[in-house]
Amino acid sequence: MSKIQFLRWPYLALAIALFIAALPLAIGGVQLATLGGSWYYLLTGFALVAVAGLIALRDVRSVALFAAIFLCTVLWSLWEADGEFWPLVPRLAPFLVMGIIMALIYATLSPARRLWGYGAALALAVVSGAGIAAMFVPQGVVTNPSERLQNAEATNVVTDPASPDNRWTHYGRTASSTHYAPLDQITLDNVSSLEVAWTFQTGESNNPGSEYQAIPTQIGDTLYMCTPHNRVFALNAETGEERWSYDPQARFSNVWDRCRGVSYFDPAETPAPSQTGTAGITPMGDQTCGARIITTTVDARLIALDAQTGEPCLGFGDNGIVDLTNGMGEVRATWYWLTSQPLVADGHVIVGGWVFDNRAIDEPSGVVRAFDAATGELVWAWDMGNEATTKLPPPGETYTRSTPNFWGTGTYDPELGLVYLPTGNQSSDFWGEHRSDAADQHSTAVVALNVKTGRKAWVYQMVHHDLWDYDNAAAPTLVDFPDGNGGTIPALIQVTKTAETFVLDRRTGQPITEVEERAVPQDATSAARLSPTQPFSVGMPYLSPQVLEEKDMWGFTFYDQLICRLEFKKLRYEGKYTPFVEGQPTLMWPGFWGGMNWGGVAIDEDRNIMLVNEMRNGHVGYLVKQEDVQGHDTPAGHGTNLNPQEGAPYAAVVGLFNSPLGIPCQEPPFGTISGVDLETQEIAWQRPLGTAQDVFLGGFRVNVPVPIGMPSLSTAVTTASGLAFYAGTLDYYLRAWDTTTGEEVWKSRLPVGSQAAPMSYLSPESGRQFVVVVAGGARENPEKGDYVIAYALPQE
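Reading the values: the criteria
- Numbers given to residues run from 1 along each chain, matching the order in which its sequence is written.
- In view of the model being predicted, local features appear only for residues whose pLDDT reaches at least 70, and side-chain atom pairs are presented and counted only at 80 or more, with totals across whole chains, interfaces and linings using the full set of residues.
- To get the side-chain values, take all heavy atoms of the structure and skip hydrogens and water.
- Helix numbers and strand numbers start at the N terminus; a helix is a DSSP run of H or I with at least 4 residues, a strand a run of E with at least 2.
- This radius of gyration counts C-alpha atoms alone. The globule rule is 2.2 Å times how many residues there are, raised to the power 0.38.
- Here's how the labels work: a residue is buried when its accessible area is under 20% of the maximum for its type, exposed when over 50%, partly exposed in between, all with a 1.4 Å probe on protein chains only.
- What makes two residues a contact is simply this: any of their non-hydrogen atoms within 4.5 Å.
- All accessible areas in this document rest on Shrake-Rupley with a 1.4 Å probe, and a residue is counted as covered only by the protein chains that are shown.
- Positive: Lys, Arg. Negative: Asp, Glu. His and the chain ends are not part of the count.
- Lys charges are placed at NZ, Arg charges at CZ, Asp charges at CG and Glu charges at CD.
- Each cavity reported here is a set of points on a 1 Å grid over the protein atoms alone in which a 1.4 Å probe fits but cannot get out, each pocket an open set with protein on both sides within 12 Å along at least five of seven lines, and each lining residue one with an atom within 4 Å of a point.
- Grid points are joined across faces, edges and corners, and a volume is the space filled by probe spheres set on the points.
- Amino acids are sorted into nonpolar (Ala, Val, Leu, Ile, Met, Phe, Trp, Tyr, Cys and Pro), charged (Asp, Glu, Lys and Arg) and polar (every other residue, Gly among them).
- By definition, a salt bridge exists where a carboxyl oxygen of Asp or Glu is found within 4 Å of a side-chain nitrogen of Lys or Arg.
- In this description, a nonpolar core means a group of buried Ala, Val, Leu, Ile, Met, Phe, Trp, Tyr and Cys residues linked to one another through side-chain atoms lying within 4.5 Å.
- A pair of strands is considered paired only if DSSP assigns at least 2 bridges between the two.
- Whenever a helix is involved, its axis is fitted only over the stretch in contact; in every case the axis is a line through C-alpha atoms, and angles between N-to-C directions fall within 0 to 180 degrees.
- By definition, no residue in a patch forms a salt bridge, and every one has over 30% relative accessible area; like charges are joined within 9 Å, nonpolar side chains (Val, Leu, Ile, Met, Phe, Trp, Tyr) within 5 Å.
- Working definition: rings of Phe, Tyr and Trp (its six-membered ring) pair if their centres are within 6.5 Å, and the pair is stacked with planes under 30 degrees apart, edge-to-face with planes over 60 apart, and tilted otherwise.
- By definition here, charges over rings are those cases where NZ of Lys or CZ of Arg is within 6 Å of the ring centre and within 35 degrees of the ring normal.
- Note on terminology: pairs of cysteine sulfur atoms within 2.5 Å are recorded as disulfides.
- Here the expected span of a helix is defined as 1.5 Å times the quantity of residues minus one.

Comments concerning the overall build of the chain
Here comes step 1: Within the chain, the secondary structure is distributed over nine helices and 43 strands.
Here comes step 2: Taken against the 2.2 N^0.38 rule, which gives 28 Å for 796 residues, the C-alpha radius of gyration of the chain at 29 Å falls within 12% of a compact globule.
Here comes step 3: Along the longest, intermediate and shortest principal axes, the C-alpha atoms of the chain span 105 × 70 × 55 Å.
Here comes step 4: A buried classification covers 61% of the 796 residues belonging to the chain.
Here comes step 5: Pairs at least 24 apart in sequence give 64% of the contacts found in the chain among residues at least 6 apart.
Here comes step 6: Summing over all exposed atoms, the chain offers an accessible surface of approximately 28,800 Å²; the carbon and sulfur share of this is 55%.
Here comes step 7: Across the chain, the 48 positively charged side chains and the 83 negatively charged ones have centroids separated by 9 Å.

Right under this line is the structure:
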């Protein structure tokens, strides 16, 4: 037997290290194989143990055996990863390192062999270096814009700051919620010169549970914005100087304190019902205020403020305040408030409410109410559990308890006189035997209501009998959708947490693009009533994988990838809509964060392209009998979030499907931004969204700007010049993209991360275009702030 004739101890040390590295692969591989998973880890683990033994004996066959393992690993990796870069990293990176070491061992055999060994080590080092360099380049980028997109030009550009179109009055600029600013001063050619024009800080500290997610409202030369504790600020749009502020002294909860925006109403522009005598409202109006700012609080109040002074409008409600708990019955602390911008439509202020998920089956109502924007008087109520109640419930009664709620952002079509509201599912989220027919009809849906009466025009459901907390959170975006014959259809686009994109005729609620009802998992062991089918919007492109397989599991290392594969094989998972059952951890994919969450989409109205940012997170959950909850220990790796679901026979344990390192178990990207061509209903471009630079793992910042694509919130703003701006990534940047191609053309470092959507306007003072974003800290990040930052081109 030929043996390596060099000092024994270096080889023995290497053999011991390789044995220690290989043994977990062998042991884990045995477990994976017994679960019906890949045999690769078992075979490779034991083969590497054999290599370690041969190295300890200084046997040259160790090199040959490792070379065979290396070749098989490369072939296996290319097959499993479909040639994609990030799936190859944990599979090949350790073998490249080991390969360099083995090549150097080979080089010690003889002068003739030394050249081959050094050459192989150099080649593997070059490949490793190329792999490291590739980690800093966006991978999986799709760029396929049509000729139409490349040649599209903007029309109806706003150049006059005094134009009524130079206003940002709703969450998505207009009541259609397209997040489109018809401005073109900042272009692809000059965006590189964009600089910070001013910065404002609210002075509000971030208590636990607080998140800055606000988008400013802009009227003329003033910006209006709110903080998580519902303080309202009016700022000079040119300089960022404070004009006034108002503090409602809200009783914040340390649970879910948010304010995503304030609304604007001017009775001189759109009379309220009290000013016209409609809807049974006595003609009077509020003589104490003209134009006003409408805001809500985390302790369930609706407030009207004078837009000029910030003083409460005393003729609105009770000295400027409406108590939104009126008619609700028992409202426990932190169980009901408002987080999203109220919808102002046709002189009405329309509000739903955020109800604390999964606390109990008896929770506050999901009633939708419209108040007179001038007086605060209740104009109508839509109580889906009792549609005969059109205002306050009779004395001694309440609005129907625990109905699905509308907590996101609504939209409005003034020509049709309809408001469009996305609804959530009914608590308890993961157990639904108590749900009424009305709840099952209206949960996780879009509901169209008559703006004047609150009566239902139509309803379209995206998830039947939702047992996964797949609330519709995003605003239904109103567009003129191509009909294929040169014309358009008044449409509504609803993106969902299930990563589906539905396109409906907003007149009737009927699908415009194809939707299929498909059979979904029906578990015989489940005690829950299940829907046999679910709607799949196959006429619009899917932006992320809809089904996971074992080979899709990932990790930064060989080991956490193996652990994720083991966990995947242990979980109950039969595809999308696999229901939770008692005591058996079940994979939910997509998880209930999305897919697409409350930020919604942005539409370039000139180019007819839709920008969508989506997350890729899985959740794991199971049910626990109430009598077994006390002292219940959640399995390692499945989170510790126990949802009590009081009154239901089961509580629910839910956590993220993450590796031991705290990263998602499925392969990257973990978030993308895409441009969808609405003319062709195809993906024009897609790219990973954000880097790992500012991610914290184990309390430490990663600080490596690898563009792996991370989860995100909020949405973009598109502009007439073909630029889109976005900031809701986990790293601290405001970015600009070419809307047509998806190319990143500019970015600016923020002091902390952002969860807010940018907005844009022309300043009446200078005529300059500004882009403004709120930076209060990225989600799941310990570094918080209170910044409002405005960007503009340098003044000439």
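What follows picks up the thread again.
Considering unusual backbone geometry
Here comes step 1: Each neighbour pair has its own omega, and for Ser427 with Ser428 the value is 5°, a cis peptide bond.
Here comes step 2: Its place among the elements puts Ser428 in the loop between β19 (418–422) and α8 (437–442).
Here comes step 3: Backbone geometry places His179, a non-glycine residue, at a positive phi of 55°.
Here comes step 4: Position of His179 relative to the elements: it lies in the loop between α6 (147–151) and β2 (180–181).
Here comes step 5: Its relative accessible area of 1% is what places His179 among the buried residues.
Here comes step 6: Backbone geometry places Ser714, a non-glycine residue, at a positive phi of 65°.
Here comes step 7: Looking at the secondary structure, you find Ser714 in the loop between β36 (700–701) and β37 (717–719).
Here comes step 8: Given a relative accessible area of 2%, Ser714 falls into the buried group.

Topic: the environment of Phe200
Here comes step 1: As for its placement among the helices and strands, Phe200 is situated in strand β3 (residues 195–201).
Here comes step 2: Along the sequence, Phe200 and Thr498 sit 298 residues apart, while their C-alpha atoms lie 37 Å from each other.

Re the layout of surface pockets
Here comes step 1: Of the pockets and cavities examined, the second largest pocket occupies roughly 1,100 Å³.
Here comes step 2: As for the second largest pocket, its lining consists of 37 residues, of which Asp165, Thr174, Ala175, Ser176 and Pro414 are closest to the centre.
Here comes step 3: Sorting the residues of the lining of the second largest pocket by element identifies β8 (263–265), β13 (343–345), β18 (411–413), β22 (477–482) and β28 (601–604) as the ones contributing at least two each.
Here comes step 4: For the lining of the second largest pocket, the leading source of residues is β22, giving three residues.
Here comes step 5: For the lining of the second largest pocket, the class distribution of residues is 14 nonpolar, 10 polar and 13 charged.

Things to note about the pattern of salt bridges
Here comes step 1: If you walk through the whole model with that rule in mind, you get 34 salt bridges.
Here comes step 2: Note that Arg167 and Glu269 form a salt bridge whose closest N and O atoms lie 3.0 Å from each other. A residue pair is termed long-range when its members are at least 10 positions apart, and Arg167 in the loop between α6 and β2 and Glu269 in the loop between β8 and α7 (273–276) qualify at 102 residues.
Here comes step 3: Of the residues examined, Glu269 reaches a relative accessible area of 44% and is grouped as partly exposed.

Structural notes on the nonpolar core
Here comes step 1: Ranked by size, the top nonpolar core spans 56 residues in total, and within it Trp198, Phe725, Leu750 and Val772 carry the most contacts.
Here comes step 2: Sorting the residues of this core by element identifies β3, β5 (222–226), β6 (232–236), β38 (723–726), β39 (733–738), β41 (759–762), β42 (769–775) and β43 (787–792) as the ones contributing at least two each.
Here comes step 3: No other element matches the six residues that β42 contributes to this core.
Here comes step 4: Tyr41, Ile69, Phe95 and Leu562 belong to the second-largest nonpolar core, a separate cluster that totals 26 residues.

A look at the sheet that holds strand β27 (residues 586–588)
Here comes step 1: Taken in spatial order, the four strands of this open sheet run β27-β30-β32-β31, and their pairing is antiparallel. Across the chains shown, the open sheet's two edge strands, defined by having one partner strand only, are β27 and β31 (641–643). Direction aside, the axes of adjacent strands within the sheet are offset by 30° on average.
Here comes step 2: Here β31 pairs with strand β32 (residues 650–656) via three bridges, running antiparallel. Within β32, the position partnered with Asn641 by the bridge is Val654.

Some points on the side chain of Arg607
Here comes step 1: With respect to the helices and strands, Arg607 occurs in the loop between β28 and β29 (609–615).
Here comes step 2: Among residues more than four places away in sequence, those in contact with Arg607 are Arg148, Leu149, Ala152, Ala154, Thr719, Ala720, Ser721, Gly722 and Thr740.

Remarks on the pairing of β38
Here comes step 1: Burial along β38 is two-sided: the residues Leu723 and Phe725 and Ala724 and Tyr726 are all buried.
Here comes step 2: Here β37 hands over to β38 after three residues, with Gly722 in that stretch at a positive phi of 90°.
Here comes step 3: Both β38 and β39 contribute to a ladder of four bridges, which runs antiparallel. Directly across from Phe725, in β39, lies its bridge partner Ala736.

Some points on a nonpolar patch on the surface
Here comes step 1: A cluster of nonpolar side chains, contributed by Ile16, Phe19, Ile20, Leu23 and Ile27, occupies part of the molecular surface with about 450 Å² of accessible area.
Here comes step 2: Structurally, the position occupied by Ile16 is in helix α1 (residues 8–34).
Here comes step 3: Judged by its relative accessible area of 45%, Ile16 is partly exposed.

As for the sheet that holds strand β9 (residues 292–296)
Here comes step 1: One open sheet holds the four strands; their spatial order is β8-β9-β10-β11, and the pairing between them is antiparallel. Looking at strand neighbours, the two that pair on one side only are β8 and β11 (321–323), the edges of this open sheet. Sheet twist, expressed as the average angle between the axes of neighbouring strands with direction ignored, equals 20°.
Here comes step 2: Pairing of strand β10 (residues 301–306) with β11 involves three bridges; the strand directions are antiparallel. Following the sheet pairing, Leu302 is matched in β11 by Val322.

Focus: the packing of aromatic side chains
Here comes step 1: For the structure on display, the rule yields 31 aromatic pairs.
Here comes step 2: With a centroid separation of 6.1 Å and 45° between ring planes, the pair formed by Phe430 and Phe592 is classed as tilted. Of the two residues, Phe430 is situated in the loop between β19 and α8 and Phe592 in the loop between β27 and β28; the sequence distance between them amounts to 162 residues.
Here comes step 3: Taking 6.2 Å as the distance between ring centres and 40° as the angle between the ring planes, the aromatic pair formed by Tyr726 and Trp737 counts as tilted. Here Tyr726, found in strand β38, pairs with Trp737, found in strand β39; they are 11 residues apart in sequence, far enough to count as distant.
Here comes step 4: Clustering of aromatic rings is evident, with ring pairs tying together Tyr40, Tyr41, Phe66, Phe70, Trp76, Phe95 and Phe558.
Here comes step 5: The ring of Trp76 is capped by Arg91, whose NZ or CZ atom sits 5.4 Å from the centre of that ring.
Here comes step 6: For Arg779, the ring lying beneath its charged end belongs to Trp593, and the centroid distance is 6.0 Å.

Quick look at the state of the cysteines
Here comes step 1: For the structure on display, the rule yields three disulfides.
Here comes step 2: What pairs with Cys226 in a disulfide is Cys259, and their sulfur atoms sit 2.1 Å apart. When the S-S torsion is -95°, as for the bridge of Cys226 with Cys259, the disulfide is left-handed. Of this pair, Cys226 sits in strand β5 while Cys259 sits in the loop between β7 (242–246) and β8; the two residues are 33 residues apart in sequence, bridging distant segments of the chain. Neither Cys226 nor Cys259 differs from the other in exposure class; each is buried.
Here comes step 3: Counting its disulfide-bonded cysteines in sequence order, the chain shows a connectivity of 1-2, 3-4, 5-6.

Considering helix α2 (residues 40–56)
Here comes step 1: With 17 residues, α2 should cover 24 Å at 1.5 Å per step; its first-to-last C-alpha distance of 24 Å lies within 8% of that length.
Here comes step 2: Counting buried residues in α2 gives 12 out of 17 residues, a clear majority hidden from the surface.
Here comes step 3: Residues of α2 that are buried: Tyr40, Tyr41, Leu42, Thr44, Gly45, Ala47, Leu48, Val51, Ala52, Leu54, Ile55 and Ala56.
Here comes step 4: Once α2 ends, the next one or two residues include Arg58, with phi positive near 55°.

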